[in-house]
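The residues making up each chain are set out below.
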Amino acid sequence: MPQKQNKHNHLVLFSVSNFDMQVAELHQQKFQQHQHKHNKENNNKIMCKKIQLSVSADTELYNNHNSSNNDNNHHHSSCGCDVDGCHKVEGEDLFIPPLNFAMVDNGIFRSGFPEPANFSFLQTLGLRSIIYLCPEPYPEANMEFLKSNGIKLYQFGIEGHKEPFVNIPEDTIREALKVVLDVRNHPLIIHCKRGKHRTGCLVGCYRKMQKWCLSSVFDEYQRFAAAKARVSDQS
């Protein structure tokens, strides 16, 4: 009898144990379902917040853009300029290089004739000297600019001949070349009227001093002279 009772008790305990496990599994499933639902609701709330923030940010950008356009329109209407062609920047100078401006070497530049609109740009170069290759007197405005900035003028009057077989005076070019080669005059700029022929001749002689081949010298000359290249200059 005792053995049978123990066997019965063992079966009862086993049944109770299985029942508890099933109950535990049901509770676990319900908990997981509840947790999944809770997470889904939170994700929906976060998504709504993100969408709301995105819409708010886009609205703010749109308003700022319209405000900026209104300010620009007000500026253009007050300055009386064309909106597409307006390049004015308040509180800043415009740095406009002269015609045909280019760097020849360290401390050596070339260009066409500097206009008053180019003075602010020339100041950024820290010039010590200007080599002027035209016979005409230097304009008063340009002379005032040189004086106020401590720039020395070297003028070598070379006539701007248009005839194809009029040679550039060699002695004048030689004297101008001495000024170019003297580093005490650097930084300097070489210019004539357009920065093409007379300037091109002096720069070409400087290139020969640098041992450039003739084809490279002529290529540089023609790049600035373009269709108006002259045989006499290249000679």
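Described in the following lines is the structure provided in the data block. (Residues numbered from 1 in each chain as written. Predicted model: local features only at pLDDT ≥ 70, side-chain atom pairs only at ≥ 80, totals over all residues. Heavy atoms only, no water.)

A word on the environment of Trp212
Phase 1 of the analysis: Positionally, Trp212 belongs in the loop between helix H5 (197-209) and helix H6 (214-225).
Phase 2 of the analysis: The class for Trp212 is partly exposed, based on a relative accessible area of 30%.
Phase 3 of the analysis: With near-sequence residues (within four places) excluded, Trp212 lies in contact with Arg207, Val217 and Glu220. (Helix = DSSP H or I, 4+ residues; strand = E, 2+ residues; numbered from the N terminus. Buried < 20%, exposed > 50% of the residue type's maximum accessible area, 1.4 Å probe, protein only. Contact = heavy atoms within 4.5 Å.)

Structural notes on the environment of Phe156
Phase 1 of the analysis: Mapped onto the secondary structure, Phe156 falls in the loop between strand S4 (152-155) and helix H4 (170-181).
Phase 2 of the analysis: Look at Phe156 and you get buried, because its relative accessible area is 14%.
Phase 3 of the analysis: For the pair Phe156 and Glu175, spaced 19 residues apart in sequence, the C-alpha separation works out to 8.3 Å.

What about the pattern of salt bridges?
Phase 1 of the analysis: Taken as a whole and judged by the stated rule, the model has 4 salt bridges.
Phase 2 of the analysis: Salt-bridge contacts for Arg174 lead to Asp171; the nearest nitrogen and oxygen are separated by 2.9 Å. Within this pair, Arg174 and its partner Asp171 are both found in helix H4, separated by 3 residues, close to a single helical turn.
Phase 3 of the analysis: Look at Arg174 and you get partly exposed, because its relative accessible area is 42%.
Phase 4 of the analysis: In this structure, the salt-bridge partner of Lys178 is Glu175, at a minimum N-O distance of 3.4 Å. Of this pair, Lys178 and Glu175 both sit in helix H4, separated by 3 residues, roughly a single helical turn.
Phase 5 of the analysis: Exposure remark for Glu175: the relative accessible area of 39% places this residue in the partly exposed category. (Salt bridge = Lys/Arg side-chain N within 4 Å of Asp/Glu carboxyl O.)

Some details on the pairing of S4
Phase 1 of the analysis: As paired elements, strand S3 (residues 129-132) and S4 share 4 bridges and run parallel to each other. Among the inter-strand pairings, Ile131 is bridged to a residue of S4, identified as Tyr154.
Phase 2 of the analysis: Running through helix H3 (residues 140-149), the crossover from S3 to the neighbouring parallel element S4 is right-handed. (Pairing = 2+ DSSP bridges. Right-handed = clockwise from strand over helix to strand, strands pointing away.)

Overview of the packing of aromatic side chains
Phase 1 of the analysis: By the definition in use, this model includes 6 aromatic pairs.
Phase 2 of the analysis: Between Phe113 and Tyr132 the ring centres are 5.6 Å apart and the planes differ by 80°, which places this aromatic pair in the edge-to-face class. With a gap of 19 residues between them, Phe113 in the loop between strand S2 (108-111) and helix H2 (119-123) and Tyr132 in strand S3 connect regions that are remote in the sequence. The two residues Phe113 and Tyr132 agree in class, both being buried.
Phase 3 of the analysis: Geometrically, the ring pair formed by Phe119 and Phe145 is stacked, given 4.4 Å between the ring centres and 10° between the ring planes. Of this pair, Phe119 sits in helix H2 while Phe145 sits in helix H3, placing them 26 residues apart in sequence.
Phase 4 of the analysis: Overall, the relative accessible area of 14% leaves Phe119 in the buried class.
Phase 5 of the analysis: The lysine or arginine in question, Arg110, covers the ring of Phe224, its NZ or CZ lying 3.7 Å from the ring centre.
Phase 6 of the analysis: The residue whose ring lies beneath Lys193 is Phe113, and the NZ or CZ to ring-centre distance is 5.3 Å. (Phe/Tyr/Trp six-rings, centres within 6.5 Å; stacked < 30°, edge-to-face > 60°. Lys NZ or Arg CZ within 6 Å of the ring centre and 35° of its normal.)

Brief notes about the pairing of S2
Phase 1 of the analysis: Neither face of S2 is exposed, since Ile108 and Arg110 on one face and Phe109 and Ser111 on the opposite face are all buried.
Phase 2 of the analysis: Here 4 bridges tie S2 to strand S5 (residues 188-191), and the two strands are oriented parallel to one another. Counterpart to Ser111 in the pairing with S5 is His191.

Treat this as a map of the structure, not an account of what it does.
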